[in-house]
Amino acid sequence: MKVLLTGATGYIGSAVTEHLAAAGHQVVALTRSAEPQPGRGWHAQVVGDTADPASLAGAVTPEIDAVIHLAPPSGDADVDIAVIEALTTPLRGTGRPFVYTSGVWVLGATGEAQEVGEDAPTDPIDIVGYRPRIERRVLAETAEGVRAVVVRPGIVYGRGGGIPAILVDRARLQGAPEYYGEEGVRWPTVHVDDLAELFVAAVERAEAGTVWHGVGESAVPVRDLARAAGRAAGVLAAPRAVPVEQAAEAFGALFADALALDQSVSGAAAVTALGWRPVRPGAVAELMSGSYRPVEVFGAPDGPETDAEVAAIRRLVAEVEHAQQNELADRFLGVFRQEDPVWTTGHGRRLSGFEEIATFTRKVLPGAAAEATAVYDVERVLFLRPDVAAVNVRQQPVRPDGTRITDRPEGRPFYVLVKEDGAWRIGAAQNTIAVD
Ligand SMILES: NC(=O)c1ccc[n+]([C@@H]2O[C@H](COP(=O)([O-])OP(=O)(O)OC[C@H]3O[C@@H](n4cnc5c(N)ncnc54)[C@H](OP(=O)(O)O)[C@@H]3O)[C@@H](O)[C@H]2O)c1
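Remember, predicted model here, so these are calculated numbers, not experimental data.

Brief notes about the packing of helix α2 (residues 77–88) against helix α3 (residues 131–139)
Then comes step 1: It is the contact of α2 with α3, at a shortest axis distance of 10 Å, that shows an interaxial angle of 20°. By the criterion of interaxial angle, the relationship of α2 to α3 is roughly parallel. Handedness of the α2/α3 crossing: right-handed. The segment α2 lies against α3, with Ala-77, Asp-78, Asp-80, Ile-81, Ile-84 and Glu-85 engaging Arg-133, Ile-134, Arg-137 and Val-138.
Then comes step 2: Within the contact of α2 with α3, the residues separate by chemical class into five nonpolar, no polar and five charged.

Structure, rendered in structure tokens:
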């Protein structure tokens, strides 16, 4: 299909562009600027501004098979209704899809209800006050022969962006992770690449007049997201609850209310009916050891294959951390190669061979995490060969609640990893206490 995409330069639009192209579609990007933007993977570019609906006349040519409208609302309901009219009128009577992007904030606080579905009534918070009206206007196009569809994303994360990036920046700025409003606030979340695949599914096969929640995890405690954002920012401190009135000073009252909104929203309908598969790591994992904490990579070309290897290496190091923190000797030993691994501990003890490492681990690990443990972050990866990597890790001592023990030095583990039978394992390891 030739798909007209508004908001194509944005956070979600960039991912949607890639996934549409990967599925064999051609993206015609509607941009405010006429400046060509090579390298974005667009088939063509047309100029238009949703603040000026008249500028959209002519964007939906007879060659356009589908429209995905991702550009944000203008703040004026009449303008936004006029935008919907400009973009849908040329599709009338064609049965072609028009996919409108709304958001789960139109549901308001979900209260006691768990995993609210698309049939729940809307009760929008002020920041999206008139958006349900736009949704209804879009869906009414079904009667005019448009395959009108609404997608409501949760809080979008991944690729180091979206609202979670704000939590990371704030943690860095304030020296402590923050969350807003009440202690138990939860956000429905979705990985930006999973969401992009939902847009592809919606444009390809959602029925006219349908609404879909783009939600991978229905209710993630924001306190956990804040802690993970602190980790991404290198701030190992307890998350701090910021009252909404105080948050309003930093973000404005409307956005502060949205950040403090407690919701539990289900994305199951799209999984069942559209065959959508949200498979990316969850929001907490992504913040802890994914795109919000870039790794320096040497010796391999930029690209998805290297990204996948680095992600696998990070998972291995996360396994080291998990096994240490939970005193799981077998899982810890599972990160080593069976054949002749060597390990020099932070205190200079040399261990040679799997059996020696196993004996030592089973002796020292039980009880080791009772008062102090550690977090492990991959900082640099040098691919010596495609299947051999030298990895610099930062190891920081923490209390069992994850806060930094400031009077103990950090460690600088160095691992030589080998990829065998599709899995990375430690062939040689050396830890050094940092004395700077
Ligand atoms: N991010 C989330 O967590 C989330 C969650 C739920 C719903 N949503 C909704 O998803 C949509 C996209 O969000 P996003 O996070 O990708 O936003 P974003 O990164 O800010 O991108 C916005 C895009 O819209 C374009 N745009 C802005 N004003 C425009 C105008 N007047 N005319 C034409 N294009 C305009 C921007 O183009 P320029 O390059 O010209 O600036 C950009 O491509 C929005 O409707 C948002 O409300 C987002």
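Quick word on the nonpolar core
Then comes step 1: Ranked by size, the top nonpolar core spans 40 residues in total, and within it Trp-105 and Trp-187 carry the most contacts.
Then comes step 2: Going through the elements one at a time, β7 (155–157), α4 (163–174), β8 (178–180), α6 (222–233), α7 (244–251), α8 (253–259) and α10 (283–289) are the ones with two or more residues in this core.
Then comes step 3: Top element by residues in this core is α6. It accounts for seven residues.
Then comes step 4: Core analysis: the next-biggest nonpolar cluster, separate from the first, contains 33 residues, Phe-332, Val-335, Phe-383 and Ile-426 among them.

Let's talk about the packing of α4 against α6
Then comes step 1: Packing of α4 against α6 leaves a shortest axis separation of 8 Å and a crossing angle of 65°. You can see that α4 and α6 cross each other, and the crossing is right-handed. Residues Leu-167, Val-168, Ala-171 and Arg-172 of α4 form the contact with α6, whose own contacting residues are Leu-225, Ala-226, Ala-229, Gly-230, Ala-232 and Ala-233.
Then comes step 2: By residue class, the composition of the contact of α4 with α6 is eight nonpolar, one polar and one charged.

Details of the site of the ligand
Then comes step 1: Close to the ligand lie 20 residues, the nearest being Thr-9, Tyr-11, Arg-32, Asp-49 and Thr-50.
Then comes step 2: In this structure, Asp-49 approaches the ligand through a side-chain N or O atom, which is 2.7 Å from a nitrogen atom.
Then comes step 3: Of all the elements in the fold, those that place two or more residues in the shell around the ligand are α1 (11–22) and β7.
Then comes step 4: Across the shell around the ligand, the residue classes break down as 10 nonpolar, seven polar and three charged.

Re the sheet that holds strand β14 (residues 342–344)
Strand-to-strand pairing in sheets goes through backbone hydrogen bonds, with the strands running parallel or antiparallel.
Then comes step 1: Across the sheet, which stays open at both edges, the seven strands sit in the order β13-β16-β17-β18-β19-β14-β15 with mixed pairing between neighbours. Looking at the sheet topology across the chains shown, the edges are occupied by β13 (296–298) and β15 (350–352). Sheet twist, expressed as the average angle between the axes of neighbouring strands with direction ignored, equals 30°.
Then comes step 2: The pairing of β14 with β15 spans three bridges and is antiparallel. When the sheet's bridge partners are listed, Thr-344 is paired in β15 with Arg-350.
Then comes step 3: Against the sheet, helix α13 (residues 354–364) engages β14 and β15, with an angle of about 125° to β15.

Focus: the pattern of salt bridges
Then comes step 1: Counted by the stated rule, this structure contains 26 salt bridges.
Then comes step 2: Arg-133 is the salt-bridge partner of Asp-78, the closest N and O atoms lying 3.6 Å from each other. Highlighted residues: Asp-78 in helix α2 and Arg-133 in helix α3, separated in sequence by 55 residues.
Then comes step 3: Residue class for Asp-78 comes out exposed when judged on its relative accessible area of 53%.
Then comes step 4: Taking relative accessible area as the criterion, Arg-133 reaches 40% and is therefore assigned partly exposed.
Then comes step 5: Between Arg-280 and Glu-197 there is a salt bridge, and its shortest N-O distance comes to 2.9 Å. Linking Arg-280 in the loop between α9 (268–274) and α10 with Glu-197 in helix α5 (residues 192–205), this pair joins segments that are 83 residues apart in sequence.
Then comes step 6: The partly exposed category is assigned to Arg-280, whose relative accessible area is 25%.
Then comes step 7: Note on Glu-197: relative accessible area 28%, which makes it partly exposed.
Then comes step 8: Counted as one network, the salt bridges with shared partners bring together Glu-85, Arg-92, Arg-137 and Glu-141.

Rules used throughout
Residues numbered from 1 in each chain as written. Predicted model: local features only at pLDDT ≥ 70, side-chain atom pairs only at ≥ 80, totals over all residues. Heavy atoms only, no water. Axes fitted to C-alpha atoms, helices over the stretch in contact; angles between N-to-C directions. Helix = DSSP H or I, 4+ residues; strand = E, 2+ residues; numbered from the N terminus. Parallel < 35°, antiparallel > 145°, perpendicular 65-115°, else oblique. Left-handed = near helix turned anticlockwise from the far one by under 90°. Contact = heavy atoms within 4.5 Å. Nonpolar A, V, L, I, M, F, W, Y, C, P; charged D, E, K, R; others polar. Core = buried A, V, L, I, M, F, W, Y, C linked by side-chain atoms within 4.5 Å. Buried < 20%, exposed > 50% of the residue type's maximum accessible area, 1.4 Å probe, protein only. Near = heavy atom within 4 Å. Polar contact = N/O pair within 3.5 Å; in protein donor to acceptor, adjacent residues only side chain to side chain. Pairing = 2+ DSSP bridges. Salt bridge = Lys/Arg side-chain N within 4 Å of Asp/Glu carboxyl O.

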